[in-house]
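Listed here are the chains, written in short residue letters.
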Amino acid sequence: MKNATIAVITGDLVDSSRFSNKRMSAIIGRLNTEFKAYTKLPSDKSVEFTMFRGDSFQGIVEDPSLALSLALQIKALINSFNDADTDAGNNVPLADVRISIGIGEASYDLNAINVSNGEAFQLSGRTLDSMKSRQSKMAVTTPVSDVNDEFEVHMKFLDATTDRWSMASAEVVYYLLQDYKEQQIAQELNRSQAAINHRKKAAGWDEIRLLLRRYEQLTKKYFI
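This structure is a prediction, so every number in the text was calculated from the model and none was measured.

> Mind laying out unusual backbone geometry, listing which residues take part and the relevant values?
Positive phi, normally seen in glycine, also occurs at R53, with a value near 55°. Non-glycine residue D179 carries a positive phi angle of around 70°. Tracing the backbone shows D179 in the loop between α5 (167–176) and α6 (182–189).

Set out below in structure tokens:
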């Protein structure tokens, strides 16, 4: 077991009971592929995720400053999911996710997340349990009340922004979070750079980038 201050990301799919078995299987497959990619991120601190309870997942992020970006990447992945043979376009996302980030001390094993425990796990899990009644999709909870107060406001604005995402906007944000340039995304999606730029603006990318910067500043100040 390791002992350190980490971020724990806990999430579940919204209204997954209404999904067909085929859609559910495709979404879970996409999540598992995504989580495998996280283990290869260029960092001296590890990221490890696991699925549980069918439609839920939990991950350990040893560098807390990366957690919000990864959580948004997961959300963008799910919001851009399309099981039809059509362009995502401006269609409303078929699937959504609730994600809770807890930051704090923990005793953990990257290869056995289910037996790990500590403050970060408790904050993440308890917050996720309360999010459905609060109708929130993204939350950050830490042991520092001032940080929590600030991020309660930030996450409300983030929810308001991401709730307006189309499938196409989410798709572009997914690549932006991986540091793709507009031209690279255009090539990846076989679209014009002008179309990618339009979708980026529609997604509120400039505001999201500012929020990610502020999140990184605070986590590095208090938890790293």
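> Break down the pairing of strand β1 (residues 2–13) for me, with residues and values.
Where β1 lies against strand β4 (residues 97–108), twelve bridges are found, and the strand directions are antiparallel. In the sheet register, A4 faces β4, and the bridge partner there is A106. Sheet topology places β1 next to strand β3 (residues 56–61); six bridges connect them, and they run antiparallel. Considered in β3, the bridge of I9 is made with G59.

> Could you give an account of the pattern of salt bridges, naming the residues involved and the relevant values?
Per the stated rule, a full pass over the model turns up ten salt bridges. Of the charged contacts in the structure, one is a salt bridge between E62 and K2, with a shortest N-O distance of 3.1 Å. With E62 in the loop between β3 and α2 (67–79) and K2 in strand β1, the pair connects residues that are 60 residues apart, well separated along the chain. A relative accessible area of 9% places E62 in the buried class. Here K220 makes a salt bridge to E216, at a shortest N to O gap of 2.8 Å.

> Give a description of the nonpolar core that names residues and reports values.
Ranked by internal contacts, the top residues of the largest apolar core, which has 56 residues, are I9, L31, F57, L68, L72 and I101. The element that contributes the greatest number of residues to this core is α2, accounting for nine residues. For L68, the residues in contact, after removing those within four places along its chain, are I101, M138, M155, L158, L211, L212 and Y215. In terms of nonpolar packing, the next biggest core, distinct from the first, is built from nine residues, A106, Y108, L110 and A120 among them.

> Explain α6 to me, and be specific about the residues and the numbers.
Three- or four-residue spacings in an α-helix give side chains the same orientation, since the helix completes a turn every 3.6 residues. Buried within α6 are the following residues: E182, I185, A186 and L189. Taken end-on, α6 shows its buried residues confined to a sector of 105°, consistent with a single buried face. On its buried face, α6 sits against α5 and α7 (193–202). One or two steps after α6, the chain reaches N190, where phi turns positive at roughly 55°.

> Could you give me a rundown of the pairing of β3, with the residues and numbers involved?
Judged by how many residues are buried, β3 sits mostly within the fold: six of six residues are covered. Across the two faces of β3 the burial is the same, with S56, Q58 and I60 and F57, G59 and V61 all buried. Pairing of strand β2 (residues 47–52) with β3 involves six bridges; the strand directions are antiparallel. Bridge pairing in β3 links V47 to V61. Taking the residues that link successive antiparallel strands as the turn, the β2-β3 hairpin has three residues, and the phi of R53 there is positive, at about 55°.

> Now, about the side chain of S65: what can you tell me, with residues and values included?
Among the structural elements, S65 can be located in the loop between β3 and α2. Every residue in contact with S65, bar those within four places of it in the chain, is listed here: Y215, E216, T219, K220 and I224.

> So what's going on with the packing of α2 against helix α8 (residues 205–223)? Which residues, and what values?
It is at 9 Å that the axes of α2 and α8 come closest, and there the two elements cross at 145°. Side by side, α2 and α8 meet where A67, L68, S69 and L72 of the first sit next to I208, L211, L212 and Y215 of the second. Considering only residue class, the contact of α2 with α8 consists of seven nonpolar, one polar and no charged.

> Kindly report on the packing of α5 against α6, identifying the contributing residues and their values.
Relative placement of two packed helices is described by the angle separating their axes and the distance separating the axes. Contact geometry of α5 with α6 gives a least axis separation of 10 Å together with a crossing angle of 125°. When the axes of α5 and α6 are compared, the pair comes out oblique. The handedness of the crossing between α5 and α6 comes out as right-handed. On the side of α5, the interface is formed by E171, V172, Y175 and L176, while α6 contributes I185, E188 and L189. Each residue belonging to the contact of α5 with α6 can be placed in one class, and the counts come to five nonpolar, no polar and two charged.

Definitions and cut-offs
- Residues numbered from 1 in each chain as written.
- Predicted model: local features only at pLDDT ≥ 70, side-chain atom pairs only at ≥ 80, totals over all residues.
- Heavy atoms only, no water.
- Helix = DSSP H or I, 4+ residues; strand = E, 2+ residues; numbered from the N terminus.
- Pairing = 2+ DSSP bridges.
- Salt bridge = Lys/Arg side-chain N within 4 Å of Asp/Glu carboxyl O.
- Buried < 20%, exposed > 50% of the residue type's maximum accessible area, 1.4 Å probe, protein only.
- Core = buried A, V, L, I, M, F, W, Y, C linked by side-chain atoms within 4.5 Å.
- Contact = heavy atoms within 4.5 Å.
- Arc of directions from axis to C-beta.
- Axes fitted to C-alpha atoms, helices over the stretch in contact; angles between N-to-C directions.
- Nonpolar A, V, L, I, M, F, W, Y, C, P; charged D, E, K, R; others polar.
- Parallel < 35°, antiparallel > 145°, perpendicular 65-115°, else oblique.
- Left-handed = near helix turned anticlockwise from the far one by under 90°.

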